[in-house]
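Architecture at a glance
Chain by chain, the residues run as shown.
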Amino acid sequence: MRVAGWISAFCTPPPCDLLLLPPLPGSHHLSIRSSPSPPQKSTAPIREGRDGRNWEPRLYSGSARRWWQGRGMSTRSKSVPGSLGGGSGSAAGGSAVPLAVLLRREVVSERTAAERPDLQHGFFNQAKKGEDFFLLKPDCERLPGVPSSSFSAFGIFDGHNGSGAAIYTKENLLNNILSAVPADLNREDWLAALPRAMVAAFVKTDKDFQTKARSSGTTVTFVIIDGLIVTVASVGDSRCVLEAEGSIYHLSSDHRFDASKEEVDRVTEAGGDVGRLNVVGGAEIGPLRCWPGGLCLSRSIGDQDVGEFIVPVPLVKQVKLSTAGGRLIIASDGVWDALTAEQALNCSRGLPPEAAAEHVVKEAVHSKGLRDDTTCIVVDLGHEKGNPAMPAHKKQPGMGVFKNMFRKKTSSDSSCHSDREYMDPDVVEEIFEDECAFLSRRLDSEYPVRNMFKLFICAICQVELKPNQGISVHEDSSQPGNLRRWDGPFLCQSCQEKKEAMEGKRRSRDSSSRNSGSSE
């Protein structure tokens, strides 16, 4: 629909602000003409844009004004009396945008501000070996000085065989994530690009740590919260659980060999030896471990003494909460070896986050003693400041089965995505989930996400590549007929070698006996 003229009640429009701006990216603007009188030539001066071309003033809604101001662009206004609309918008090189679209953008802008719920967090730790580390950053900004780009980050890093990997990951992982996200994305695109960026950042952090020549390793559970969207990336056996709408959701996965036959098969096919510890007489005891090294985890950052097939590729899960909010518990295995998710949430219910975290840790220690470092972070979303405690939430009858409460978007949903993206969910909605350990799949995002990333940039370490330098992530694919390698993504030579080692195509460690000491 186009705006053909003024409604009769506004035949004589009042003065308005005419913003002297270049067209929005994607180049749509609103053309408003007064039908009773012929178009008049604009009296506003033609100005030169940043690209050297001349552009005419355009009329934008409040959301457009904020779009430019949020990117540091100045907005100049001039009062224009009498009729609105000197020149035709299409004459300036753009097509007219339906009024409904501009109104929808305005609603989205206002809803984005309203979608940032009150966030409160608490933390508690009891140390045994001093190898647990944590990250608490509730006030981050993707674009410095732009409050609308704010988000929160929380992480737990449970080190083993020393604290080097945990400290290094804590200090570098968030920066690596932000470096892997293309600059100047809007909020919707940033959230869509985040899962791939987190995969790249985990692998880059592991690759860079190898240059430190240390044999320590660490689990990682890393959480980014932007409004009601929660994105979790995890390797190892630290966990993140969510209680919302009266139900419990597991946002991470245990990467222990005992918990996943698929991980045992993957590591074995890549050249690892998975089995239990042999003792005198040939008996096998303890959990399944990877040899050499004796690590019971199939994924971690670090652990150079074990093998590259212990990969740093995380499970990434992204969900959207309802406006009712929820409670997150992020904790190391010192908690989960003693308590189930339901026990941890029950024993902390009714307490503010700081007291809840302390109570969870003390309950775990009381249950099994202080056998390991025990760390817990509690984050509450969507509660009023005057009522920080998380009340018990009773399920209402007729809410539907679990899969309807926590469902993943399908391709059939995309056709109506533009209409649904402005609606707040009344249940927890799963937006994204992937746990595949192979980079050829995890870095090869589908459209439109693929278009957000530059083609000739290494998908892991973000170095610039010349057109003839990049190596496709599908270089060694067993199904070349179904792939277009020239579309990328591409890796630099060192990252390609890292990928090959992770897949068992490049030997990087010497083997040793299962009788050696274990790492975890």
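Residues numbered from 1 in each chain as written. Predicted model: local features only at pLDDT ≥ 70, side-chain atom pairs only at ≥ 80, totals over all residues. Heavy atoms only, no water.

**Concerning the nonpolar core**
- Grouped together as the largest cluster of nonpolar side chains are 50 residues, with contacts concentrated most on Phe222 and Leu443.
- The set of elements that each furnish at least two residues to this core consists of β8 (132–141), β9 (150–160), α3 (164–180), α4 (187–210), β10 (217–226), β11 (229–235), β23 (490–491) and α12 (493–502).
- Setting aside residues no more than four positions away along its own chain, Leu443 makes contact with Arg196, Val199, Ala200, Ala459, Ile460, Val473, Pro489 and Leu491.
- Formed by 20 residues, the second largest nonpolar core is a distinct cluster that contains Val232, Ala244, Tyr249 and Val379. (Core = buried A, V, L, I, M, F, W, Y, C linked by side-chain atoms within 4.5 Å. Buried < 20%, exposed > 50% of the residue type's maximum accessible area, 1.4 Å probe, protein only. Helix = DSSP H or I, 4+ residues; strand = E, 2+ residues; numbered from the N terminus. Contact = heavy atoms within 4.5 Å.)

**Some details on the environment of Ser332**
- Within the secondary structure layout, Ser332 lies in the loop between β18 (326–331) and α6 (333–336).
- Classification of Ser332 as buried rests on a relative accessible area of 0%.
- Between the alpha carbons of Ser332 and Phe133 there is a distance of 9.6 Å; along the sequence they are 199 residues apart.
- Not counting residues up to four positions away in its chain, the partners in contact with Ser332 are Asp132, Ile156, Asp158, Ser238, Asp373, Thr374 and Thr375.

**Some thoughts on helix α5 (residues 261–269)**
- Among the residues of α5, those classed as buried are Glu263, Val264, Arg266 and Val267. With its buried residues spanning 165 degrees around the axis, α5 presents them on a single face. Counted as exposed and oriented over 90 degrees from the buried face of α5: Lys261, Glu262 and Glu269. (Arc of directions from axis to C-beta.)

**Here we look at unusual backbone geometry**
- Here the bond from Trp291 into Pro292 is cis, since omega is 5 degrees, no more than 30 degrees from zero.
- With respect to the secondary-structure elements, Pro292 resides in the loop between β15 (284–291) and β16 (301–302).
- One non-glycine residue with positive phi stands out, namely Asn161, at about 60 degrees.
- With respect to the helices and strands, Asn161 occurs in the loop between β9 and α3.
- Even without being glycine, Glu245 reaches a positive phi, approximately 55 degrees.
- Considering the arrangement of structural elements, one finds Glu245 in the loop between β12 (239–244) and β13 (247–250).
- For Glu245, a relative accessible area of 12% gives the class buried.

**A closer look at the environment of Val473**
- Along the polypeptide, Val473 turns up in the loop between β22 (471–472) and β23.
- Counting along the chain gives 16 residues from Val473 to Pro489, while the straight-line C-alpha distance between them is 6.1 Å.
- For Val473, the contacting residues outside a window of four places in its chain are Ser440, Leu443, Pro489, Leu491 and Lys499.

**Focus on helix α7 (residues 341–348)**
- Every buried residue belonging to α7 is among Ala341, Ala344, Leu345, Cys347 and Ser348, and all of these are buried.
- Gly350 lies just past α7 and shows a positive phi near 85 degrees.

**Comments concerning the sheet that holds β13**
- Strand order across the open sheet formed by five strands is β7-β19-β18-β12-β13, with antiparallel pairing between neighbours. Of all strands in the sheet, those with a lone pairing partner are β7 (119–126) and β13, marking the two edges. Geometrically, the sheet is characterised by an average inter-axis angle of 15 degrees between neighbouring strands, direction not taken into account.
- As paired elements, β12 and β13 share four bridges and run antiparallel to each other. By the bridge assignment, Ala244 is partnered in β13 with Ser247.
- This element, α7, spans β12, β13 and β18 of the sheet and lies at about 120 degrees to β18.
- Strand contacts of helix α8 (residues 353–368): β7, β18 and β19 (374–381), with the helix running at about 30 degrees to β7, the strand carrying the most contacts. (Pairing = 2+ DSSP bridges. Axes fitted to C-alpha atoms, helices over the stretch in contact; angles between N-to-C directions.)

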